[in-house]
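Listed below, chain by chain, are the residues.
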Amino acid sequence: MRRAVCPGSFDPVTNGHLDIVGRASRLFDEVIVGVLVNQSKSGLFTVEERIDMLREVTASYGNVRVESFRGLLVDFCRAQEASVLIKGLRAVSDFDYELQMAQMNIGLAGVETLFMPTNPLYSFLSSSLIKDVAKWGGDISAHVPDRVRAELEARIGPASRG
């Protein structure tokens, strides 16, 4: 079975993330969306909330599952019996960092990294940018699934918009 991992923090998941997951799901028998548990960072959404949103918005893909992980990504890949990582690249600036990570991952555990260029429609999207736009009352509906938009509006709320 060809199995791949799409890792990230997904705080929150954007349509750019979903584009990469969807495209990966056509290339692999199974895609595992790995939600990083980073105890040194406090996200807007808990890991459980992110997993719940991801499971809902990826439900239409029959070969995608969502799991959390902590520690080394290559250890998560080994545990999932996945030998490939899928990474979306938005810009050249992403490549420098991701190339170093890919080289480390192949050296540590023989885990390959497949870089997917982001669809130009989503090349500017990031979770941080979405949170900032939502915070100031901007319309994010074209950039995130409806569920995520509703969760962001509920979390940030009109009172904190300035």
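So, here's what we can say about the structure.

Conventions we followed
Residues numbered from 1 in each chain as written. Predicted model: local features only at pLDDT ≥ 70, side-chain atom pairs only at ≥ 80, totals over all residues. Heavy atoms only, no water. Helix = DSSP H or I, 4+ residues; strand = E, 2+ residues; numbered from the N terminus. Pairing = 2+ DSSP bridges. Axes fitted to C-alpha atoms, helices over the stretch in contact; angles between N-to-C directions. Contact = heavy atoms within 4.5 Å. Parallel < 35°, antiparallel > 145°, perpendicular 65-115°, else oblique. Left-handed = near helix turned anticlockwise from the far one by under 90°. Nonpolar A, V, L, I, M, F, W, Y, C, P; charged D, E, K, R; others polar. Right-handed = clockwise from strand over helix to strand, strands pointing away. Patch = residues over 30% accessible without salt bridge, like charges linked within 9 Å, V, L, I, M, F, W, Y side chains within 5 Å. Areas by Shrake-Rupley, 256 points an atom, 1.4 Å probe, with all protein chains shown as cover. Salt bridge = Lys/Arg side-chain N within 4 Å of Asp/Glu carboxyl O. Buried < 20%, exposed > 50% of the residue type's maximum accessible area, 1.4 Å probe, protein only.

To continue, consider unusual backbone geometry. Of the consecutive residues Asp-11 and Pro-12, the connecting peptide bond is found in the cis state with omega at 5 degrees. Its location among the elements puts Pro-12 in the loop between β1 (3-8) and α1 (15-27). In this structure, Phe-10 is a non-glycine residue whose phi angle is positive, near 55 degrees. Counting through the fold element by element, Phe-10 comes out in the loop between β1 and α1. With phi around 55 degrees, Glu-81 is a residue other than glycine that occupies positive phi space. Relative to the elements of secondary structure, Glu-81 occurs in the loop between α3 (73-80) and β4 (84-89).

Here five strands make up an open sheet; going across it, the order is β3-β2-β1-β4-β5 and the pairing parallel. With one partner strand each, in any of the chains shown, β3 (64-69) and β5 (112-117) form the two edges of the open sheet. Neighbour to neighbour, the strand axes of the sheet diverge by 30 degrees on average, direction disregarded. Sheet topology note: the β1/strand β2 (residues 30-36) ladder contains six bridges and is parallel. Looking across to β2, one finds that Gly-8 is bridged to Val-35. Contacts between α1 and the sheet are confined to β1, β2, β3, β4 and β5, with β5 contributing the most and set at about 125 degrees to the helix. Packed on one face of the sheet, helix α4 (residues 92-109) meets β4 and β5 and runs near 160 degrees to β5.

The next point concerns the packing of α3 against α4. With their axes 10 Å apart at the nearest point, α3 and α4 run at an angle of 55 degrees to one another. Classified by the angle between their axes, α3 and α4 sit oblique to one another. Both α3 and α4 take part in a crossing whose hand is right-handed. Residues Leu-73, Val-74 and Arg-78 of α3 lie in contact with α4, whose contacting residues are Asn-105, Leu-108 and Ala-109. Residues of the contact of α3 with α4, tallied by class, amount to four nonpolar, one polar and one charged.

Here β2 runs beside β3; their pairing, made up of six bridges, is parallel. Bridging from a neighbouring strand, Val-35 pairs with Ser-68 of β3. Each parallel crossover has a hand, and for β2 linked through helix α2 (residues 47-57) to β3 it is right-handed.

The next subject is a nonpolar patch on the surface. On the surface, Leu-72, Met-104 and Leu-108 cluster together into a nonpolar patch covering about 300 Å² of accessible area. Take Met-104: it is sitting in helix α4. Under the relative-accessibility criterion, Met-104 is labelled partly exposed at 49%.

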